[in-house]
Amino acid sequence: MRIAICDDDQQQLCIIRKEIEEYSIINKLGFFISTYTSAVNLLEDAVKESFNIIFLDISMPQMCGIEAAEHIRVVDTNVQIVFVTNLADYMPRGFDVMAAGFIVKPIREKAIYNILEKLINLFNRKNLTPYEVKLKGGQVGTIQLQDVLYMESNLHIICAFTRTLKCEYWGKLSEELKKLSQYGFVQCHRSYLINMAWVWIITDDCVTFTNNLSLSIGPKFRDNLKDTYRRYRK
């Protein structure tokens, strides 16, 4: 998930970033955070890449947060914009640009946590991807792809692993890759498909997920994995 923070007050910007990073560690979520002290600089990147959430200060020189949000909405109607402000008078205008919420300065403890909890739950509900599989007993089951960290193949049995559960079903890894690459899955080893949404670190030898689980990377898959992951992050 890509998050942007824009605030001309460096101290406030650091407070917001620190709380987001703490939330990601506690909940084992992978966030890619970009910070800006100017709305103009934020706009330059917002037209080139998509953010999931933007924390946006309202009162800034050159361009205020409301004006920046109006420009962002021209190119992106999906991003969740959270205004950070000590000016309650701006709130009605915030709803004109579909604000997802407001955080009032000085920022209260856990205020960032609460808004992240709300927006991530909303994001997950909107992005549920049910996937039908043929279970070992012959029945048809359904797994939610966004919950899957990785899939392991062993003699035509696929094991889909979430952070807490394992689901076994019939299948070939090559066939699963054809169907699941559009959902952010990529092969890192002859036995593994990984869900890039859960990836934390990739080295030459292994991939580590946000829950600290690591899998080996097969040498012949290394270059494609890294290239695919770079594109995915963008």
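Higher on the page you've got the structure.
Below or above, wherever it landed, is the structure these notes cover. (Residues numbered from 1 in each chain as written. Predicted model: local features only at pLDDT ≥ 70, side-chain atom pairs only at ≥ 80, totals over all residues. Heavy atoms only, no water.)

1. Observations regarding the overall build of the protein
Looking only at helices and strands, the protein features seven helices and 15 strands. Dimensions of the protein along its principal axes, counting C-alpha atoms only, are 65 × 35 × 35 Å. Evaluated residue by residue, the protein yields a buried proportion of 48% over its 234 residues. Contacts in the protein between residues far apart in sequence, at least 24 positions, make up 51% of those at least 6 positions apart. (Helix = DSSP H or I, 4+ residues; strand = E, 2+ residues; numbered from the N terminus. Buried < 20%, exposed > 50% of the residue type's maximum accessible area, 1.4 Å probe, protein only. Contact = heavy atoms within 4.5 Å.)

2. Focus on a nonpolar patch on the surface
Residues Val47, Val74 and Val75 make up a contiguous nonpolar surface patch of roughly 300 Å² in combined accessible area. By the secondary structure assignment, Val74 is in helix H3 (residues 65–75). (Patch = residues over 30% accessible without salt bridge, like charges linked within 9 Å, V, L, I, M, F, W, Y side chains within 5 Å. Areas by Shrake-Rupley, 256 points an atom, 1.4 Å probe, with all protein chains shown as cover. Salt bridge = Lys/Arg side-chain N within 4 Å of Asp/Glu carboxyl O.)

3. Description of the side chain of Asn195
Mapping Asn195 onto the fold places it in strand S12 (residues 192–195). Apart from the residues within four sequence positions on either side, Asn195 is in contact with Leu145, Gln146, Val148, Leu149, Tyr183, Gly184, Phe185 and Phe209.

4. Remarks on the sheet that holds S12
Read from one edge of the open sheet, five strands run S10-S9-S8-S12-S11, paired in antiparallel fashion. Sheet topology places strand S10 (166–170) and strand S11 (185–189) at the edges, where each strand pairs with a single neighbour. The mean inter-strand angle of the sheet, taken between neighbouring strand axes irrespective of direction, is 25°. Taken together, the three bridges between strand S8 (residues 150–154) and S12 define a ladder with antiparallel strand orientation. Each bridged residue has a counterpart across the sheet, and for Tyr150 the counterpart in S12 is Ile194. Seen against the sheet, helix H6 (residues 173–180) touches S8, strand S9 (157–161), S10, S11 and S12 and runs at an angle of roughly 145° to S11. (Pairing = 2+ DSSP bridges. Axes fitted to C-alpha atoms, helices over the stretch in contact; angles between N-to-C directions.)

5. Some points on the pairing of S8
Relative to S9, S8 is paired through five bridges, and the arrangement is antiparallel. Of the residues in S9, the one forming a bridge with Met151 is Ala160. Connecting S8 to the next strand, S9, in antiparallel fashion are two residues, including Leu155 with a positive phi near 55°.

6. Focus: the nonpolar core
Core analysis: the largest hydrophobic core is formed by 43 residues, its most contacted members being Ile20, Phe55, Leu116 and Ile194. For this core, the leading source of residues is helix H5 (residues 111–126), giving seven residues. Those residues within four positions of Ile194 in sequence are excluded, and the remaining contacts are Leu149, Tyr150, Gly184, Phe185, Val186, Cys188, Val199, Val207, Phe209, Leu215 and Leu225. Within the second largest apolar cluster, 24 residues are counted, among which are Cys6, Leu42, Ile54 and Ile66. (Core = buried A, V, L, I, M, F, W, Y, C linked by side-chain atoms within 4.5 Å.)

7. Focus on unusual backbone geometry
Of all residues except glycine, most have a negative phi; of all peptide bonds, most are trans. Between Lys105 and the following residue, Pro106, the backbone shows a cis peptide bond with an omega angle of -5°. Inspection of the secondary structure assignment puts Pro106 in the loop between strand S5 (99–104) and H5. Phi at Gln62 takes a positive value of approximately 70°, unusual for a residue other than glycine. Along the chain, Gln62 turns up in the loop between strand S3 (53–57) and H3. With phi around 65°, His156 is a residue other than glycine that occupies positive phi space. With respect to the element layout, His156 can be found in the loop between S8 and S9.

8. Considerations on helix H1 (residues 10–26)
The end-to-end C-alpha distance of H1, which contains 17 residues, comes to 24 Å, matching closely the 24 Å that a straight helix rising 1.5 Å per residue would cover. Of all the residues in H1, the buried ones are Gln12, Leu13, Ile16, Glu19, Ile20, Tyr23 and Ser24. Buried residues in H1, looked at end-on, bunch into an arc of 140°, giving them a common side. In H1, the exposed residues that point more than 90 degrees away from the buried face are Gln11, Lys18, Ile25 and Ile26. In the stretch just after H1, Lys28 is the one whose phi turns positive, near 55°. (Expected span 1.5 Å × (residues − 1). Arc of directions from axis to C-beta.)

9. Topic: the sheet that holds strand S4 (residues 80–85)
The strands making up a sheet associate through hydrogen bonds between their backbones, and the pairing can be parallel or antiparallel. The five strands lie next to each other as S2-S1-S3-S4-S5, forming an open sheet whose pairing is parallel. Looking at strand neighbours, the two that pair on one side only are strand S2 (32–36) and S5, the edges of this open sheet. Across the sheet, the mean angle from the axis of one strand to that of its neighbour is 15°, orientation sign disregarded. Relative to S4, S3 is paired through five bridges, and the arrangement is parallel. In the strand pairing of S4, Phe55 is matched with Val82. Relative to the sheet, H1 contacts strand S1 (2–6), S2, S3 and S4, its axis offset from that of S2 by approximately 175°. Against the sheet, H3 makes contact with S3 and S4, and its axis sits at roughly 175° relative to S4, the strand it touches most.

All quantities given are derived from atomic positions and should not be read as evidence of function.
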